Amino acid sequence: MLLILSSTLITLALIFYSIGVWSERIARYLRGWHLAAFWTGFILDVSGTWAMHLLAKGPFNLMDMHTLTGQIALWLMFAHALWASYVVKWGSEEARSGFHRYSVVVWTIWLIPYISGIYMGMNG
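Residues numbered from 1 in each chain as written. Predicted model: local features only at pLDDT ≥ 70, side-chain atom pairs only at ≥ 80, totals over all residues. Heavy atoms only, no water.

**Q** Explain the overall build of the protein chain to me, using residue names and the numbers behind them.
**A** Across its full length, the protein chain holds five helices and zero strands. Its helices and strands in sequence order give the protein chain the pattern α-α-α-α-α, from N to C terminus. With the C-alpha coordinates of the protein chain rotated into their principal frame, the extents come out at 50 × 25 × 20 Å. Across the 124 residues that make up the protein chain, the buried fraction comes to 35%. Taking all contacts inside the protein chain whose residues are at least 6 apart in sequence as the whole, residues at least 24 apart take part in 77%. For the protein chain, the computed accessible surface area is about 7500 Å², with 73% contributed by carbon and sulfur atoms. Positive and negative side-chain charges in the protein chain, numbering 7 and 5 respectively, have mean positions lying 5 Å apart. (Helix = DSSP H or I, 4+ residues; strand = E, 2+ residues; numbered from the N terminus. Buried < 20%, exposed > 50% of the residue type's maximum accessible area, 1.4 Å probe, protein only. Contact = heavy atoms within 4.5 Å. Areas by Shrake-Rupley, 256 points an atom, 1.4 Å probe, with all protein chains shown as cover. Lys, Arg positive; Asp, Glu negative; His and termini not counted. Charge placed at Lys NZ, Arg CZ, Asp CG, Glu CD.)

Here it is in structure tokens:
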């Protein structure tokens, strides 16, 4: 049950974060609803990661490549959502129209632990 929950949460994180990032990229302008998608994706990712942690057989090991890339991705997502919040509230038009470049980079880095998690799940 926990495996299904964690997989569902992580996949929902991918969906929300992807919708936010790619719709912002297409529009080339950061809007409030993009910000809501970023935060929703982040919260779902943290929840799914916590559920995965509960499933893990060993201790938390930051030297494990999947753990390390996952932590980097989570912290980047957090910084991305915080910065997006600032830009939406106080940022210039230039900042709002150029933010998509940072979003795509963070999303791409986030895919590394997502894809490696799928690979590990399929190959034991």
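Having seen it, we continue.
**Q** An account of the packing of aromatic side chains is needed here, citing residue identities and associated values.
**A** Evaluation of the coordinates by the stated rule reveals twelve aromatic pairs. A ring pair is formed by Y17 and F38, whose centres lie 5.8 Å apart and whose planes are at 55 degrees; its orientation type is tilted. Taken together, the residues Y17 in helix α1 (residues 2-27) and F38 in helix α2 (residues 32-55) connect sequence positions 21 residues apart. Judged by relative accessible area, Y17 falls into the buried class, the value being 0%. Using a relative accessible area of 0% as the deciding quantity, one classes F38 as buried. (Phe/Tyr/Trp six-rings, centres within 6.5 Å; stacked < 30°, edge-to-face > 60°.)

**Q** Can you tell me about α1, naming the residues and giving the values?
**A** Counting along an α-helix, one turn takes 3.6 residues, and residues three or four places apart therefore face a common direction. For α1, built from 26 residues, the straight-helix expectation of 38 Å at 1.5 Å per residue is met to within 8% by its first-to-last C-alpha distance of 37 Å. Buried within α1 are the following residues: S6, L9, I10, A13, L14, Y17, S18, G20, V21, S23 and E24. One or two residues past the end of α1 sits R28, with phi positive at roughly 55 degrees. (Expected span 1.5 Å × (residues − 1).)

**Q** Give a description of the environment of L62 that names residues and reports values.
**A** Position of L62 relative to the elements: it lies in the loop between α2 and α3 (65-90). Aside from chain neighbours lying at most four places away, what touches L62 is T67, L68 and Q71.

**Q** Hey, could you go over the side chain of H80 for me, with residue numbers and the actual values?
**A** Relative to the elements of secondary structure, H80 occurs in helix α3. By relative accessible area, which is 0% here, H80 ends up buried.

**Q** Outline the nonpolar core, supporting the account with residue identities and numerical values.
**A** If you look at the biggest cluster of nonpolar residues, it comprises 24 residues, and the most contacted ones within it are Y17, F38 and W110. Listing elements by their share of this core, those giving two or more residues are α1, α2, α3 and α5 (100-123). (Core = buried A, V, L, I, M, F, W, Y, C linked by side-chain atoms within 4.5 Å.)

**Q** Please give an account of a nonpolar patch on the surface that cites residues and values.
**A** Taken together, the side chains of L12, I15, F16, I19 and W33 present a nonpolar region at the surface, about 450 Å² in accessible area. With four residues, the top contributor of residues to the nonpolar patch is α1. The topology assignment puts I15 in helix α1. For I15, a relative accessible area of 40% puts it in the partly exposed group. (Patch = residues over 30% accessible without salt bridge, like charges linked within 9 Å, V, L, I, M, F, W, Y side chains within 5 Å. Salt bridge = Lys/Arg side-chain N within 4 Å of Asp/Glu carboxyl O.)

**Q** Provide a residue-level description of the confidence of the model for the protein chain, including the pertinent values.
**A** Regions with low pLDDT should not have their predicted coordinates read in detail. Of all residues in the protein chain, 98% have pLDDT values of 70 or greater, and the mean over the chain is 91. Taking the mean pLDDT of every element in the protein chain, the minimum, 85, falls on α5 and the maximum, 95, on α2. (pLDDT = per-residue confidence, 0-100.)

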